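Coordinate analysis (summary)
Chain by chain, the residues run as shown.
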Amino acid sequence: MDLVLFGIQGSGKGTQSKIIAEKFNLQIFETGGELRKLSSLDTELAKKVKSIIESGKLVPTEVVMEIVANFLHQLPEGACALFDGIPRSDDQQVQFDALMKKEGRSFMGLTINLTEEEAMKRLTTRRICTKCKEIYPAFYDKPVCEKCGGELITRSDDTPDAIKIRLSTFTEKTLPVINDYKSRGLMLDVNGRESIGNVTKEIFEVLSPHFKCL
Ligand SMILES: [Zn+2]
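Quick caveat: nothing in here was measured; it's all calculated off a predicted structure.

Moving on: the overall build of the protein. What the protein contains, in helices and strands, is eight helices and eight strands. Against the compact-globule benchmark of 17 Å for 214 residues, the protein has a radius of gyration of 18 Å, which places it among compact chains. Taken along its principal axes, the extent of the C-alpha atoms in the protein is 50 × 45 × 30 Å. Split into buried and exposed, the 214 residues of the protein put 23% on the buried side. Summarising the internal contacts of the protein: among those between residues at least 6 apart in sequence, 71% fall at separations of at least 24.

What follows is the structure, given as structure tokens:
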């Protein structure tokens, strides 16, 4: 069984994604990461993607799905995938579901629940290290980075207006996808308001009955 992970920005999705993948031996599909991998290859798909990106256009959903199919075909026999950040809209969901059906793959969704207000609070108060780029939540109260001693500042793209736009895009485009999977009995969820460690613990509890991958 594959896993499709959902979470608003600030929910800790990226961090949990890596922890879950390691625990349940899942191969992460993250669109940005796959695009970067393709850029070093010389396949037909890589050439197609390169020409789209060089033209300054967004990669269309059809092509994103070709990238997903390519990823699935390269998985070792019996291996399972963790989809991080896809599908993020109705349009992507229709094509993603069709592809998974065609490939004969079953999946469950998992949502790390956090409201827009809570996400807003987290994102406006976090700081980033000017040297190593480590991100620190509001409750980290020291003035410097614990890894490298660098100065901590608020991220320049973390203005309340910019954050609001990113969060409302999730609510408008991705929440309907989550609700649809929920109505079809394909969605698990955990409380994202807890600490990273507690969220991980709850995730392991809800996923354990479902995920035993090779
Ligand atoms: Zn640092």
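Sheet strands pair via backbone hydrogen bonds, and the direction of the pair is either parallel or antiparallel. Taken in spatial order, the three strands line up as E6-E5-E7 in an open sheet, and their pairing is antiparallel. In the strand order of this sheet, the two ends are held by strand E6 (135-136) and strand E7 (152-153), each with one partner. Pairing analysis gives two bridges linking strand E5 (residues 127-129) to E7, with the strands arranged antiparallel. Counted as the bridge partner of Cys-129 is Leu-152 from E7.

The N-to-C vectors of helix H1 (residues 13-24) and helix H8 (residues 196-207) enclose an angle of 45 degrees; their axes lie 11 Å apart at closest approach. Taken as axis vectors, H1 and H8 run oblique relative to one another. For the element pair H1 and H8, the recorded crossing hand is right-handed. Here H1 contributes Thr-15, Gln-16, Ile-19, Ile-20, Lys-23 and Phe-24 to the contact with H8, which in turn contributes Ile-196, Val-199, Thr-200, Ile-203, Phe-204 and Leu-207. For the contact of H1 with H8, the residue count by class is eight nonpolar, three polar and one charged.

With that out of the way, let us pick up helix H7 (residues 160-183). If you check H7, its first and last C-alpha atoms are 33 Å apart, about what 24 residues at 1.5 Å a residue would give, namely 34 Å. Of all the bends in H7, the greatest, near 45 degrees, is centred on Thr-174, and the proline Pro-176 appears no more than four residues after it. Of all the residues in H7, the buried ones are Ile-163, Leu-167, Thr-174, Val-177 and Tyr-181. Each element contacted by the buried residues of H7 is listed here: strand E1 (2-7), helix H5 (90-102), strand E4 (107-113), helix H6 (116-125) and strand E8 (187-191). Just past H7, the residue Gly-185 takes up positive phi, approximately 70 degrees.

For the rest of this paragraph, the subject is the packing of helix H4 (residues 61-73) against H5. Two elements in contact, H4 and H5, have axes whose closest approach is 10 Å; the angle formed by their N-to-C orientations is 35 degrees. Handedness of the crossing formed by H4 with H5: right-handed. Taking contact as the criterion, the partners of Thr-61, Met-65, Val-68 and Ala-69 in H4 are, on H5, Asp-91, Gln-92, Gln-95, Phe-96 and Leu-99. Residue composition of the contact of H4 with H5, grouped by class: five nonpolar, three polar and one charged.

Quick look at unusual backbone geometry now. Between Ile-86 and Pro-87 the backbone carries a cis peptide bond, its omega angle lying at 0 degrees. Along the chain, the position of Pro-87 falls in the loop between strand E3 (80-84) and H5. Phi at Asn-25 is positive, roughly 55 degrees, even though this residue is not glycine. Looking at the secondary structure, you find Asn-25 in the loop between H1 and strand E2 (26-30). For Asn-25, a count of 14 C-beta atoms within 10 Å puts it in the partly exposed group.

The topology assignment puts Phe-6 in strand E1. As a C-alpha pair, Phe-6 and Lys-182 span 176 residues in sequence and 12 Å in three-dimensional space. Aside from chain neighbours lying at most four places away, what touches Phe-6 is Gly-109, Leu-110, Thr-111, Thr-174 and Ile-178.

Right, let's get into the sheet that holds E1. If you walk across this open sheet you meet the five strands as E2-E3-E1-E4-E8, and the pairing is parallel. Each of the sheet's edge strands pairs with one partner strand only, and the pair in question is E2 and E8. Adjacent strand axes in the sheet meet at a mean angle of 25 degrees when their direction is disregarded. Pairing analysis gives three bridges linking E1 to E3, with the strands arranged parallel. Residue Leu-3 lies in a different strand from E3, and its bridge partner there is Leu-82.

What counts and what doesn't
- Residues numbered from 1 in each chain as written.
- Predicted model: local features only at pLDDT ≥ 70, side-chain atom pairs only at ≥ 80, totals over all residues.
- Helix = DSSP H or I, 4+ residues; strand = E, 2+ residues; numbered from the N terminus.
- Rg over C-alpha atoms; globule rule 2.2 N^0.38 Å.
- Buried ≥ 20, exposed ≤ 12 C-beta atoms within 10 Å, placed from the backbone.
- Contact = placed C-beta atoms within 7 Å.
- Pairing = 2+ DSSP bridges.
- Axes fitted to C-alpha atoms, helices over the stretch in contact; angles between N-to-C directions.
- Parallel < 35°, antiparallel > 145°, perpendicular 65-115°, else oblique.
- Left-handed = near helix turned anticlockwise from the far one by under 90°.
- Nonpolar A, V, L, I, M, F, W, Y, C, P; charged D, E, K, R; others polar.
- Expected span 1.5 Å × (residues − 1).
- Bend = angle between axes of the 7 residues up to and from the residue.

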